[in-house]
Amino acid sequence: MAAEELRLGLIGLGTVGSSVVQLLTRNADAITRKAGRGLRFTNVASRSLHTKPHPDLGNARTGTDPFAVVRDPDVDVVIELIGGIEPARSLVLEAFKRGKPVVTANKALLALHGEEIFAAAEKAGVPIRFEAGVAGGIPIIRTLREGLAADRNRALFGIVNGTCNYILTKMSDEGEEFETVLRAAQAQGLAEADPSFDIDGIDAAHKLTLLSMLAFGVRVPFAAVYTEGIRHLSQSDILFAREFGYAIKLLAIAKDEEDGVDVRVHPTMIPRRSLLAEVSGAYNAIFVQGEALGSSVYVGRGAGGMPTATAVLADVIEMARNQVGVSGVRVPALGFSWRDLRAVSIRPIADLQSEYYLRFMAVDRPGVLAKIAGILGEHDISIAAVIQRDRGEGDVTVPLVMRTHLARERQLHTALTLVDQLPIVQGKSVSIRIEENLG
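Keep in mind that what you see is a predicted model, and the values were worked out from it rather than measured. (Residues numbered from 1 in each chain as written. Predicted model: local features only at pLDDT ≥ 70, side-chain atom pairs only at ≥ 80, totals over all residues. Heavy atoms only, no water.)

The biggest cluster of nonpolar side chains holds 82 residues, and the ones touching the most others in it are Phe-118, Ile-128 and Ile-140. If one sorts the elements of this core by residue count, helix H10 (residues 202–216) sits on top with nine residues. What Phe-118 contacts, discounting residues up to four positions off in sequence, is Leu-110, Ile-128, Phe-130, Leu-210, Met-213, Ala-333, Leu-334 and Trp-338. Within the second largest apolar cluster, 30 residues are counted, among which are Val-21, Leu-23, Leu-49 and Ala-132. (Core = buried A, V, L, I, M, F, W, Y, C linked by side-chain atoms within 4.5 Å. Buried < 20%, exposed > 50% of the residue type's maximum accessible area, 1.4 Å probe, protein only. Helix = DSSP H or I, 4+ residues; strand = E, 2+ residues; numbered from the N terminus. Contact = heavy atoms within 4.5 Å.)

Time to look at the sheet that holds strand S1 (residues 6–11). Here six strands make up an open sheet; going across it, the order is S3-S2-S1-S4-S5-S6 and the pairing parallel. For this open sheet the edge positions go to strand S3 (61–63) and strand S6 (128–129), each flanked by a neighbour on one side alone. Where strand S5 (residues 102–104) and S6 come together, two bridges link them in parallel fashion. Residue pairing in the sheet places Val-103 in a bridge with Arg-129 of S6. Against the sheet, helix H1 (residues 15–26) touches S1 and strand S2 (39–45), its axis set at about 155 degrees to S2. (Pairing = 2+ DSSP bridges. Axes fitted to C-alpha atoms, helices over the stretch in contact; angles between N-to-C directions.)

So, about empty space enclosed by the protein. For the structure shown, the criterion picks out one cavity of 30 Å³ or more. Empty space within the largest cavity amounts to approximately 30 Å³. Around the largest cavity, the lining residues are Ala-362, Val-363, Asp-364, Arg-365, Val-368, Gln-388 and Val-398. Of the residues belonging to the lining of the largest cavity, the class tally is four nonpolar, one polar and two charged. (1 Å grid on protein atoms, 1.4 Å probe; cavity = no way out; pocket = protein on both sides within 12 Å on 5 of 7 lines; lining within 4 Å. Points joined across faces, edges and corners; volume = space filled by probe spheres on them. Nonpolar A, V, L, I, M, F, W, Y, C, P; charged D, E, K, R; others polar.)

Another point: the packing of helix H2 (residues 28–35) against helix H12 (residues 305–321). Look at H2 against H12: their axes get within 8 Å of each other, and the N-to-C directions meet at 40 degrees. One way to sum up the angle between H2 and H12 is to call them oblique. Where H2 approaches H12, its residues Ile-31, Lys-34 and Ala-35 are matched on the opposing element by Leu-313, Ile-317, Ala-320 and Arg-321. Looking at the contact of H2 with H12 residue by residue, the class counts come to five nonpolar, no polar and two charged. (Parallel < 35°, antiparallel > 145°, perpendicular 65-115°, else oblique.)

This is the structure we're talking about:
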């Protein structure tokens, strides 16, 4: 006997929500065969329901109250696509209290309130799925949760913010400065009017919080993720990186080390020969290093209506296959139950050991290099290479660029603070961490 239809409640009809409706309508027959049962929207809520065009919702009840969707007895699964913290948090918790599974793309909610959300789902005995919350259409959540379940992952590197990757790609390809490329991205709708969430690394840090928990089976508070954006990068940094043989990417980095977990988001110089260096435009990529599998890379569109809709509906299909409401939760949201996640120390950024790219704008006079190198040497920072340009006509300062050997972040910070106080150095120095082993 054919299984009963899975009745869906959709909250949010923005770009992603509308794409979910369109994709389910377009591929209804194939999705039904794959899910083993039909999928149908029975209740849809959106604040813009009566003010903006929306796809055909069939016979679904419609309205502007999202709680009406959660409380509707004719809704089996709640799809939350409004984003933000409230009312999304209250909606998700209300769904759990009513025994209803949730599919969401809300990485900020899960990164900031993951302990409450995941624990509540487990207490209620219902699943929460969030494949669409990280890297759009790349099935990285399912891959880490199930595909790599037998391996022990040691490190993860991700290009997980399409806006930043687009900006850095354009700076590299077209030779434009950061502000110029950002304005162009905003004009094309690729960056928000207030781009802070993306260019300051916050969005990537939300995603890394979830990825690191999945990859290592540990608890990672969002507040513990070191976060640095790309505002300070200039075209000269792009060019000098190229001269050293590197590209600059905003990377989300997680490493499971013996003395704790390393989780950080920041601009990173990576070898131009590496696979991640070739990931351009708004594409995302995640590079995973496992003990058994070795290195694997997952690349695809990280945002956009249809790519994200494929991830949302993949989660819904999984719930349909698992006969939601009958068989319960077969695989925990993070691969482990919340109580089984390891509590580990998060390594402070000050303890990081890395090679660094350094750029100073220095007065062109004898002894400048020796003075700066002397301060670095006093703090155990050894210089591997130096590039010093001649002064152009009318220039007061010239860029002085160095690459270091391995150095401790704490000591580098102290040294750069002293260098920046020198009268021969104008403006704040720029430092970028270097990662070599990326396939």
